[in-house]
Amino acid sequence: MKIGFGLEGVATDHQLASLAALEILRRGGNAFDAALAASAVLSVVQPHSSGLGGDGFLLAKLSSDEIIVYNGSGRSLKKFSADDYLREKPVRGLLTITVPGLVDLWGYVYENYASLDLVEILRPAISLASNGFYVGVSLARAIENIERELSGGVRREYENWYKLYANTRSGDLHVNKELSSVLRRIATRGWDEFYYGSIGEDIVSELQKIGLDIGLDDLMEHRGYVDKPLVLDLGDKTLYEIPPNSQGISTLQMIDALYRESLHKYGFEDPQRIISWLKPIEKIYYFRDNYLGDIDYMSINPHEYTSYEKIPDTPQDLSINTARGGGDTTFFVTGDRYGNLVGFIQSLFYPFGSLVVAKGIVFQNRGAGFSYRRDVPNAPAPSKRVLHTLSILLVRDHGSGKDHIIGCAGGHWRPQIHTRIYENLFIYSMSLEKAVSAPRFIYDYEYEGRQNPSRALIIENYLKPPERIDLEIRYMKSLGGTGLVNVLIRDNRRGVIEVASDPRSEGVALASN
């Protein structure tokens, strides 16, 4: 059981991040201070899932009840070649690197909401990078998987990764002095040193030596931005998500479909419940893959399409260009005694992203999320944001007076995972512990806009699939096979926070009075 109750709390995918965040809260910091501390520690101890070379998004509720969203995703490089991308279809390497936006998100949070000094906030992460930490199961597994991927030979751009991580196993002490130095310079000189100062110059210089066609202007011109949350009004509940280039709208459409298509009438264990979700999910993913992307390239206003019924008619033979792979992401939540609640998600896309390392930083392969088609908003292009799998769900339950922040690691499955947790809490009236641990099912697809795409049902063993279903069934047994969820619930009438971390993960939920 990974549950905690208190006046303040955290839930992350690693015990050291949860400890660091809770300690910040206990020293008088707020939920934003704690979120920065957790984000930095996770960047050190789970470098396969996120880090300074990746992106991040934030969805938070302030003590004033204001809902804020920040888009911390970066663009493709100015000299990115769409022709090369479409020809090579890479999933790793230099061509998949996009400008990292996480540190810019740190800057936004620190300058607008933090209450402690940045040196104090980043001290735990700096210490862990400099003095080392003991490698956990998920990191060790990711390293072994990459070693198998590189067994045919290590390309030049992957040599730094190999030197830093190869042959590292569970329980080994891992040290990253270069990353410690970068974090220390950010703490003492400011977050903008990463984009405008010597850190940025050092990063660009090393990436250029590796062979990446990047300029300092790619970093200097990066800007994340405050956005208006997407809203779905269900009467007794109001739901919020992150707008495109996030896929957050897909979560709202699925939850709306739950009611409009009467999917909530089925019992939790009813096999018909599983089969009844297939068509709505296909329709929602078709909408996502054909209408969403960088907001500057979209022809629709996403705020007008949060309802399932607003999705345009889809062809009988759907062309689904589902985002490739991904899933190595980390989501966490923090809440303080003042009523501030923070949902924070950060990612490299694939495990260890591009496999390109500079200054101890792993750089994301988010560019691999571009479509292989030129006729959609997510078509590849220079200086463009990719359609992102990252999103966060906030549910305000007006009847109970409770706020819920729900998020997960799960790649393009994320809207389905969010919906499973929502169903468990609000349709099947499960406790938070049971809602997070209950078995899940996920629909997956073959990729690249094929007509009549190959479909698969991914199901955890406890659930029974329908007797007749025309698709492959995969039974999940491995840790984290259907996503890693963290949830925070605050009872605003009592001021009590409940936090939960997924039993499928190495995560820990901690709370304090």
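About the cut-offs
- Residues numbered from 1 in each chain as written.
- Predicted model: local features only at pLDDT ≥ 70, side-chain atom pairs only at ≥ 80, totals over all residues.
- Heavy atoms only, no water.
- Helix = DSSP H or I, 4+ residues; strand = E, 2+ residues; numbered from the N terminus.
- Buried < 20%, exposed > 50% of the residue type's maximum accessible area, 1.4 Å probe, protein only.
- Contact = heavy atoms within 4.5 Å.
- Areas by Shrake-Rupley, 256 points an atom, 1.4 Å probe, with all protein chains shown as cover.
- Lys, Arg positive; Asp, Glu negative; His and termini not counted.
- Charge placed at Lys NZ, Arg CZ, Asp CG, Glu CD.
- Salt bridge = Lys/Arg side-chain N within 4 Å of Asp/Glu carboxyl O.
- Pairing = 2+ DSSP bridges.
- Axes fitted to C-alpha atoms, helices over the stretch in contact; angles between N-to-C directions.
- Expected span 1.5 Å × (residues − 1).
- Parallel < 35°, antiparallel > 145°, perpendicular 65-115°, else oblique.
- Left-handed = near helix turned anticlockwise from the far one by under 90°.
- Nonpolar A, V, L, I, M, F, W, Y, C, P; charged D, E, K, R; others polar.
- Polar contact = N/O pair within 3.5 Å; in protein donor to acceptor, adjacent residues only side chain to side chain.
- Phe/Tyr/Trp six-rings, centres within 6.5 Å; stacked < 30°, edge-to-face > 60°.
- Lys NZ or Arg CZ within 6 Å of the ring centre and 35° of its normal.

*Asks:* Quick rundown of the overall build of the protein? Include the residues and the values.
*Replies:* For the protein, the count of helices and strands is 16 helices and 23 strands. In terms of its C-alpha atoms, the protein occupies a principal-axis envelope of roughly 55 × 55 × 40 Å. Burial status across the protein gives 65% buried among its 513 residues. The contacts of the protein with a sequence gap of at least 6 include a subset with a gap of at least 24, amounting to 72%. Taken as a whole, the protein presents about 18,000 Å² of accessible surface, with 46% of it coming from carbon and sulfur. Between the averaged position of the 56 positive side-chain charges in the protein and that of its 64 negative side-chain charges there is a distance of 2 Å.

*Asks:* Outline the pattern of salt bridges, listing residues and values.
*Replies:* In this structure the tally under the stated criterion is 35 salt bridges. As a salt-bridge pair, E193 and R189 come within 3.3 Å of each other at their nearest N and O atoms. Residue E193 is classed as buried on the basis of its relative accessible area, which comes to 14%. Put simply, K61, D65, R396 and D403 are held in one network by salt bridges that share partners.

*Asks:* Let's hear about the sheet that holds strand β16 (residues 402-409): which residues, and what values?
*Replies:* Here we have seven strands laid out as an open sheet, ordered β1-β22-β21-β16-β15-β9-β8, and antiparallel in their pairing. With partners counted over all chains shown, the strands left at the sheet margins are β1 (3-6) and β8 (230-233), one partner each. For this sheet the average axis-to-axis angle between neighbouring strands, irrespective of direction, equals 15°. Pairing of β8 with strand β9 (residues 237-241) involves four bridges; the strand directions are antiparallel.

*Asks:* Let's hear about the sheet that holds strand β12 (residues 341-349): which residues, and what values?
*Replies:* On the basis of which strands lie adjacent, the open sheet formed by seven strands has the order β7-β4-β3-β12-β11-β2-β23 and antiparallel pairing. Pairing within the sheet leaves two strands with one partner each, and these edge strands are β7 (225-227) and β23 (508-512). With strand direction ignored, the average angle separating the axes of adjacent strands in the sheet is 15°. The strands that helix α1 (residues 15-26) touches are β2 (8-12), β11 (328-335) and β23; relative to β2, the one it contacts most, it runs at about 160°.

*Asks:* Requested: an account of α1, with residues and values cited.
*Replies:* The terminal C-alpha atoms of α1 lie 16 Å apart, and with 12 residues this matches the ideal 16 Å at 1.5 Å per residue to within 8%. Listed as buried for α1 are A17, S18, A20, A21, L22, I24 and L25. Those residues of α1 that are buried lie in contact with β2, α2 (31-45), α5 (118-131), β11 and β23. With its phi angle positive at about 100°, G28 sits one or two positions after the end of α1.

*Asks:* An account of the packing of helix α12 (residues 248-260) against helix α15 (residues 414-427) is needed here, citing residue identities and associated values.
*Replies:* Two quantities define a packed helix pair, namely the angle between the helix axes and the distance between the axes. For the pair α12 and α15, the least separation of the axes is 9 Å and the interaxial angle reads 40°. The angle between α12 and α15 places the two elements in the oblique class. Crossing angle aside, the handedness with which α12 passes α15 is right-handed. Seen from α12, the contacting residues are S250, T251, M254, I255, L258 and Y259; seen from α15, they are P415, Q416, H418, T419, Y422, E423 and I427. Class assignment for the residues of the contact of α12 with α15 results in seven nonpolar, five polar and one charged.

*Asks:* Hey, could you go over the environment of G507 for me, with residue numbers and the actual values?
*Replies:* One can find G507 in the loop between β22 (496-501) and β23. The spacing of G507 and I24 is 483 residues in sequence and 18 Å in space, taken between C-alpha atoms.

*Asks:* Talk me through the pairing of β1; I want residue IDs and the actual numbers.
*Replies:* The alternating pattern of β1 places G4 and G6 on a buried face and I3 and F5 on a face that is not buried. Bridge analysis of β1 against β22 gives four bridges, and the strand direction is antiparallel. The residue of β22 that forms the bridge with G4 is V499.

*Asks:* Got a sec to walk through the side chain of S391? Specific residues and values, please.
*Replies:* As for its placement among the helices and strands, S391 is situated in the loop between β14 (361-363) and β15 (393-397). Overall, the relative accessible area of 0% leaves S391 in the buried class. Within the structure, S391 has its side chain in polar contact with the side chain of E241 (distance 3.3 Å). In contact with S391, not counting residues within four places along its chain, are E241, I242, S246, Q247, G248, T251, I345, R414 and H418.

*Asks:* Any details on the packing of aromatic side chains? Residues and values, ideally.
*Replies:* One pass over the structure, following the stated rule, counts 22 aromatic pairs. For the ring pair F32 and Y113, a centre distance of 4.6 Å and an interplane angle of 20° mean the geometry is stacked. In this pair, F32 is assigned in helix α2 and Y113 in helix α4 (residues 102-113), connecting sequence segments 81 residues apart. The structure contains a cluster of three or more aromatic residues connected by ring pairs, namely F32, Y70, Y108 and Y113. Above the plane of the ring of Y285 lies R288, whose end atom (NZ or CZ) is 4.1 Å from the centre.

The values are spatial; any link to function lies outside them.
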